[in-house]
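Spelled out, the chains give:
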Amino acid sequence: MQEEFLHYVWVNKKLPFTQLKTHLNETLEINHFGQYLQNAGPDIFNAQISINKQKWAGNIEIHIKSSDWYLHHHEKDANYDNVILHVVWENDTPIFRKDNSEIPTLELKRYVPLSEINKYKSLITSKSWINCENQIGIVDNFIWENWLECLFLNRLERKSEIIDKRLIETNNNWEAVFFEMLFKNFGLNTNGDCFLQVAKSIPFSIVRKERFDVENLEALFFGKLNLLNEPIEDEYHTKLAAHWSYLKIKYNLESEYGLYPQFFKLRPDNFPTIRLSQLAGLLCNNQNLFFQLIQANSYAQIKQLLKSETSEYWKNHYNFSKVSQTKSKGLTHPFFDLIIINTVIPIKFCYAKHQGKLNIEALIGLLEEMPAEKNAILKKFSDLNIKTKNAFQSQSLLELKKEYCNKNKCLNCAVGLQLLKN
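Cut-offs and rules
Residues numbered from 1 in each chain as written. Predicted model: local features only at pLDDT ≥ 70, side-chain atom pairs only at ≥ 80, totals over all residues. Heavy atoms only, no water. Core = buried A, V, L, I, M, F, W, Y, C linked by side-chain atoms within 4.5 Å. Buried < 20%, exposed > 50% of the residue type's maximum accessible area, 1.4 Å probe, protein only. Contact = heavy atoms within 4.5 Å. Phe/Tyr/Trp six-rings, centres within 6.5 Å; stacked < 30°, edge-to-face > 60°. Lys NZ or Arg CZ within 6 Å of the ring centre and 35° of its normal. Axes fitted to C-alpha atoms, helices over the stretch in contact; angles between N-to-C directions. Helix = DSSP H or I, 4+ residues; strand = E, 2+ residues; numbered from the N terminus. Parallel < 35°, antiparallel > 145°, perpendicular 65-115°, else oblique. Left-handed = near helix turned anticlockwise from the far one by under 90°.

Trainee: Break down the nonpolar core for me, with residues and values.
Mentor: Generally speaking, soluble globular proteins have nonpolar side chains that are buried together. Ranked by internal contacts, the top residues of the largest apolar core, which has 98 residues, are Phe 221 and Leu 400. Apart from residues no more than four positions distant in its own chain, Leu 400 is found in contact with Trp 144, Trp 147, Leu 151, Phe 381, Cys 405 and Cys 413. Tyr 8, Trp 10, Ile 62 and Tyr 111 belong to the second largest nonpolar core, which has 30 residues in total.

In structure tokens form, the structure reads like this:
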């Protein structure tokens, strides 16, 4: 038995409304089931019950065993002084308030129908991939579509946490925070954290002053990442190293000690040298990129603003001094989409929320213009006949898998609740 199931039973009123009794055989009536807020403190707030016709108003705590009250040290927490009912699966010990009066206890195993228990066990019993993989296809379209929108909003809220935190730390410097998020996502999964650390270490005022010269930006980024430390017989490397020496003195900068980007197992077009040059070109060619992206409302507009290529040197190099076949190395369509999904959409969401002008439908509409992502998770959903037509749907499904399916949070999921009700 899991406490999550007991919450589900209480919130969804899967109890008989008559003939309930406390552990002391007192008549219990539930007048109002209260609010399930999932905050610190008791599980249920502002409930109303009657015990032997005596009305009580207050909070309710839910546990597997009544002894969990002491295991969680609730007897020492003033937030639990107003608990009027202890709801448990098994009543294994009496619970007392500070004034030594016993807290009434409702033992659920006497009342929950066996059918509800069986449905719950059937749902959460691990399958080969997700718990409901044999049933997910029968969920009502209306419930499914509304749940996708909730999932998308949850995903945006999670992604915006780092943005909100950095806004506080930078005194609401939107351009600086956008630069950090952009820098991070140009590093992809392999170098994202490394790139973010570098971006945080560069005052954005320096980027603003130097972004008129792409070589200065490359020198700044490469130097910070320790890519210019060792002398190499290469004219461009020597030039960037000289720029970096000048910038270090001018702005009192240092390389990030011990920080080196990874090249291993990356496709050459994703090498940090290529991504840093593309980023430098993007910042150099778009002096007001943040505000232009905030105002852009369509997929086509945003892609146009994000267009960027490497500098000339990197058109026939992937590493310093190693010449390769000459080709233009601009951002690819999948990389455009990655930056839009992970940088542009979250920053637009946060900015609109801070301005009090949040329009979630507009953000959904923007993602609906974009093709669905392609990865192993979405392929598995497709095998279960859950198809994705656009990036809005694919982002929502990724949130579902990561935050609900992987964590067995079926009772917090609209799909799981619908299957249980059926």
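Trainee: Report on the packing of aromatic side chains, specifying residues and quantitative values.
Mentor: Under the defined criterion, the tally for this structure stands at 25 aromatic pairs. A network of ring pairs unites the aromatic residues Trp 174, Phe 178, Phe 290, Phe 291 and Tyr 351 as a single cluster. The positively charged end of Lys 329 is found above the aromatic ring belonging to Tyr 318, 4.3 Å away from the centroid.

Trainee: Outline the packing of helix α8 (residues 214-224) against helix α10 (residues 272-285), supporting the account with residue identities and numerical values.
Mentor: Between α8 and α10, the shortest axis-to-axis distance is 9 Å and the interhelical angle comes to 135 degrees. With respect to their mutual orientation, α8 and α10 come out oblique. Two packed elements cross with a definite hand, and for α8 against α10 that hand is right-handed. Together, Val 214, Leu 217, Glu 218, Phe 221 and Phe 222 of α8 and Thr 273, Leu 276, Ser 277, Leu 279, Ala 280, Gly 281, Leu 283 and Cys 284 of α10 make up the contact between the two elements.

Trainee: How would you summarise the environment of Asn 189 if you had to cite specific residues and measurements?
Mentor: Within the secondary structure layout, Asn 189 lies in helix α6 (residues 188-201). Look at Asn 189 and you get exposed, because its relative accessible area is 81%. Note: C-alpha distance between Asn 189 and Ile 130 (59 residues apart in sequence) is 25 Å.

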